Amino acid sequence: MQSPKPCSATSTSLHSHFVPDENNWEETMSSWRTLLLRIGNKCPEYGGSADVKEHIDTCYGVVRRELEHSAGDISSFLIECAEGLPHKIPLLGTVIGLLNLENEDFVKGVVETTQTRFQEALDSGNCDRIRVLMRFLTALMCSKVLQPASLVVAFETLLSSAATTVDEEKGNPSWQARGDFFVTCILSCLPWGGSELAEQVPEEMERVMVGVEAYLSIRTHNTDIGLSFFEDDDDLSAGEKDFLEDLWDRIKFLSSNGWKADSVPRPHLAFEAQLVGGKAHEFGPINAPEQPEPLSQLSGITYGREKHNAELKYPQRIRRLNIFPTGKSEVRFWSFYQLIQASRKECASNMVGLPVPFRYEYLMAETLFAQLLLLPQPPFRPLYYTLVIMDLCKALPGAFPAVVAGAVRALFEKIADLDMECRNRLILWFSHHLSNFQFIWPWEEWAYVLDLPKWAPQRVFVQEVLEREVRLSYWEKVKQSIENAPALEELLPPKGSPNFKYSVEDGREKTEYHAISAELSNKVKGRATAREVIAWIEETVLPAHGFESTLSVIVQTLLDIGSKSFTHLITVLERYGQVITRLCPDLEKQILLIAEVSSYWENSTQMTALAIDRMMGYRLLSNLAIIKWVFSPPNIEQFHISDRPWEILGNAISKTYNRMSDLRKEVLSLKKNVLVAEEAAARAKAELDASESKLTLMNGEPVMGDSPVKMKRLKSHADKAKEEEESVRDSLDTKEALLARATVENEELFLALYKNFSSVLKERLPDASKAQTLRDLKSTQGDEMAVDTDQPSTMEVDDENGGAKKSQSNGEGGSSNIYNIGEKEQWCLSTLGYIKSFSRQYASELWSHIEKLDAEVLTHDVHPLFRRAVYSGLRRPMNELSSE
């Protein structure tokens, strides 16, 4: 299931346009560009040296010589390097500081360009660029390039904006995410520049600290409800410090410790005697973005909808996932680098060569997994992390593969607690990762899952990983990979051969339906048209055999003809889709159609999902039919033991959402085109009017109008421009009508989905008085889970005050073969997990229909656990119902 990305999360490198193929460095890059990009790396360009001071000296010397010829290019490239390689900002800042000693005008230009780009980032809400450029400005201040007071003014401008935003009278508190983001950016600069600010402008620095304290006193405590890696954390997070409060405590500790943080590189100190002679430049004033419109009415729904929009634009920080025991707390400041934002090859290369004085393989793995599993979505597509981890394993074969394996084991141990969406991402990543390493894994370590109930999350995880591996390879290959644990073959999916009811192979007894199937096959081979097949069915087959038998033989035969490959399937659907449309025009018949597809491909979840997805794409199936089929009794019984129904349901919702997104983009584009067409038509009309009003001489007599030839040309141009405007308007009207219809269908889809969820949960959840939280639900059946105390978990998740807490296992531990959560309870846990996941992924759509959802589904008598799952996904407070 794919949902939209927040606008500030970059899906491509900030500097990918200037990073060449590393195999062609010598041919495509001048030496100064190469040196700037590779500074801090142990590489041939620096003679294999890892000495940072030598790197800075060498780079500075080469760049200084090139200033006379390439000053403009160097200025732009320095800023691009800072944006694209943020972990090298301290080194780049030092180089610029040394250049400032030689050419003040050049460096002044760098500062002015940085200011311009910073203002543009603020105006556009580009969070990544805002964060990185603030770090860059701090580095320039440390290198005596920027006046400390100028940096403080920038800090105070953003602080003032943040305070106004959360002020109930002057601002819009629902947009607190923006204020928190600005303050977070300020605080995350202080480990790098707090010492210099405290030394050079102590009063101004104290003013900033007081301003942050004041902001924290008026903002609302933020919880991680709906965004925690582990389900139980939602119940625990309310009383803990949130991210900004925790960061503020760490900054205060640093301040009291003299701003000493061994993990923060400070290369400028090695050149301090030289840099002090440079001229510090002023950083012009910046303008904070305009404040959001105040809330017209302070209702829970209005506030929640605005809060959701704010968090889309200013997403929350990367949540820490401490898979391994942590060292000194200041090492955690490296988490603010997040993942190096570069092309995946550059990312791996840069992570291998980070200029830090400690071993960081474990922190690197934690950072990657924290981003891969980040909710509501990772900054990059999941495939990006697969490739980066693969590259790192190959670049560090002696260290990183073992670290990754340790992370997988720790996550597997706590898979029962893991958020359902995180679990699915982990399955997809792990299966893909193993496919790149010959499917090698010590499966014997996990063979004990066969002793667990079929609904135990660890067992289901292994089963789904193996199923995904088969998709990426073939059944025999995956079977061979588990030869050290042959019993796990029980969890392999069936061989993906079709289950064709009307096959004449294997000596099956032939019936009249086999004859009909053979006749249809011959018609298809003979290139019979869809109309001819429809006529044959209606005249010959339907009257004699009834609808259900006719549907079965026709659909199964067409699927069998298209079973050789995906291309064959597409060809059959394109050529004979009208046959299916004629047979299944309404919802109930489409449900029977899906059942036949599922029956034919019962041995292949992948092909079932693909066939249904393609049929929906060709409008042979409606999304409502898919939902109704997914919630049929046979599928409901699989909710906790297989991802098959969830994958099909997710595809249907995703496709519907993508259609809506495409229509919205088309409408937006057409509105812009209408404006352009209006302007063009107005200009053409103005030119024609001017020409018509012009006095000219014809045969010596003054007449109104230009020459006939010119008038004809201008009139033709004006008419054509008017026609173009009308054509674009017609296209816009058509698309807006389609969007309006799609919006209604979208509302029907989500109402049907959540009504079905509510209905099936109502039948299975325990009485509300006995189960108000997930913990209550887990304890409703059986005794507490026996945990093997000889194998304690190494999985830790940071709480918000900087400590580490153990993630509680809900029934599985180490190599224990006991799982004491009953099947009914696990069914409820799995279903609630998916409800939360769908609500989170499609929160924007749900908020647009929230009044209808509240009125028809989330009523006062709905089960609290169902409400909690939906509200968590929407990040909506549970107390909102009573407050409205």
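Residues numbered from 1 in each chain as written. Predicted model: local features only at pLDDT ≥ 70, side-chain atom pairs only at ≥ 80, totals over all residues. Heavy atoms only, no water.

What counts here: UniProt positions are given in the numbering used here, feature names are shortened, and annotations may be inferred rather than shown by experiment.
As recorded in an unreviewed UniProt entry, the protein goes by Nuclear cap-binding protein subunit 1 and comes from Linum tenue. Under the UniProt heading Subunit (unreviewed entry), the entry covering the protein gives this text: "Component of the nuclear cap-binding complex (CBC), a heterodimer composed of ABH1/CBP80 and CBP20 that interacts with m7GpppG-capped RNA."

**Description of helix α8 (residues 176-200)**
The condition that has to hold: Two axes enter the bend calculation: one fitted to the seven residues ending at the residue in question, the other to the seven starting there, and the bend is the angle between them. Secondary structure follows DSSP: runs of H or I at least 4 residues long count as helices, runs of E at least 2 residues long count as strands, and numbering of each begins at the N terminus. Per-residue accessibility, obtained with a 1.4 Å probe over protein chains only, is compared with the maximum for each type, and a residue is labelled buried under 20%, exposed over 50%, and partly exposed between these values.
The axis of α8 is deflected most strongly, by about 75 degrees, at glycine 193. Where burial is concerned, most of α8 is hidden: 21 out of the 25 residues are buried.

**Here we look at the side chain of serine 75**
Filter applied, for reference: Any two residues whose heavy atoms approach within 4.5 Å are treated as being in contact.
Here serine 75 lies in helix α3 (residues 52-84). According to the relative accessible area criterion, serine 75 is buried, its value standing at 10%. If we skip the residues at most four places from it in the chain, serine 75 touches Phe106, Val110 and Thr113.

**Section: the packing of aromatic side chains**
This is how it is decided: Ring geometry is summarised as follows: Phe, Tyr and Trp rings, the Trp one being its six-membered ring, pair when their centres sit within 6.5 Å, and such pairs are stacked at plane angles under 30 degrees, edge-to-face over 60 and tilted between the two. Either the NZ atom of lysine or the CZ atom of arginine qualifies as a charge over a ring when it sits within 6 Å of the ring centre and within 35 degrees of the ring normal.
What the rule picks out here adds up to 35 aromatic pairs. Pairing phenylalanine 369 with tryptophan 429 gives two aromatic rings, centres 5.1 Å apart and planes at 85 degrees, and the pair type is edge-to-face. Taken together, the residues span a long stretch of sequence, with phenylalanine 369 in helix α15 (residues 361-372) and tryptophan 429 in helix α18 (residues 420-435) at a distance of 60 residues. There is no split in this pair, since phenylalanine 369 and tryptophan 429 are both buried. Note on phenylalanine 631 and phenylalanine 639: the rings are 5.7 Å apart at their centroids and 85 degrees apart in plane angle, and the pair reads as edge-to-face. Here a set of aromatic residues connected by ring pairs shows up, and it is made of Phe369, Phe412, Trp429, Phe430, Trp441, Trp443, Trp446 and Phe461. Cation over ring: arginine 135 sits above tryptophan 192, and NZ or CZ is 4.2 Å from the ring centre. If you follow arginine 764 out to its NZ or CZ, it ends over the ring of tryptophan 827, 4.6 Å from the centre.

**Looking at empty space enclosed by the protein**
Keep this limit in mind: The method works on a 1 Å grid over the protein atoms by themselves. A cavity is a set of points holding a 1.4 Å probe that cannot get out, a pocket is an open set with protein on both sides within 12 Å along at least five of seven lines, and residues with an atom within 4 Å of a point line them. Grid points are joined across faces, edges and corners, and a volume is the space filled by probe spheres set on the points. Three classes are used, and their members are as follows: Ala, Val, Leu, Ile, Met, Phe, Trp, Tyr, Cys and Pro are nonpolar, Asp, Glu, Lys and Arg are charged, and the others, Gly among them, are polar.
Under the definition given, this model contains ten cavities of 30 Å³ or more. The computed volume of the second largest cavity comes to approximately 390 Å³. If you go around the second largest cavity, you meet 33 residues; those closest to its centre are Glu231, Met420, Leu829, Ser830 and Gly833. For the lining of the second largest cavity, the secondary-structure elements that each account for two or more residues are α10 (233-236), α18, α19 (457-472), α30 (774-778), α31 (823-841) and α34 (864-874). Here the element with the most residues in the lining of the second largest cavity is α31; it accounts for seven residues. Residues belonging to the lining of the second largest cavity are distributed by class as follows: 18 nonpolar, seven polar and eight charged.

**Remarks on the environment of alanine 843**
Within the fold, alanine 843 resides in helix α32 (residues 843-848). Linking alanine 843 and arginine 875, residues 32 residues apart in sequence, is a C-alpha distance of 8.9 Å.

**Thoughts on α34**
For α34, the tally of buried residues reaches ten of eleven residues, placing the bulk of the element in the interior. Within α34 the residues assigned to the buried category are Pro864, Leu865, Phe866, Arg867, Ala869, Val870, Tyr871, Ser872, Gly873 and Leu874. Arginine 875, located one to two residues past α34, shows a positive phi value of around 55 degrees.

**Focus: the packing of helix α7 (residues 148-166) against α8**
Angle between the axes and distance between the axes are the two parameters that describe a pair of packed helices. Formally: The angle between two axes is taken between their N-to-C directions and runs from 0 to 180 degrees, where each axis is a line fitted to C-alpha atoms and a helix contributes only its stretch in contact. For this classification, under 35 degrees means roughly parallel, over 145 means roughly antiparallel, 65 to 115 means roughly perpendicular, and everything else is oblique. Crossings are classed by handedness, with left-handed meaning an anticlockwise turn of the near helix from the far one by less than a right angle and right-handed meaning a clockwise turn.
Put simply, α7 and α8 touch, their axes get as near as 10 Å, and they point 155 degrees apart. Taken together, α7 and α8 sit at an angle that is classed as roughly antiparallel. In the packing of α7 onto α8, the handedness of the crossing is left-handed. In contact with Pro148, Leu151, Val152, Phe155, Leu158, Leu159, Ser161, Ala162, Thr165 and Val166 of α7, α8 contributes Gln176, Arg178, Gly179, Phe182, Val183, Ile186, Cys189, Leu190, Leu197 and Gln200. Grouping the amino acids of the contact of α7 with α8 by side-chain chemistry returns 14 nonpolar, five polar and one charged.

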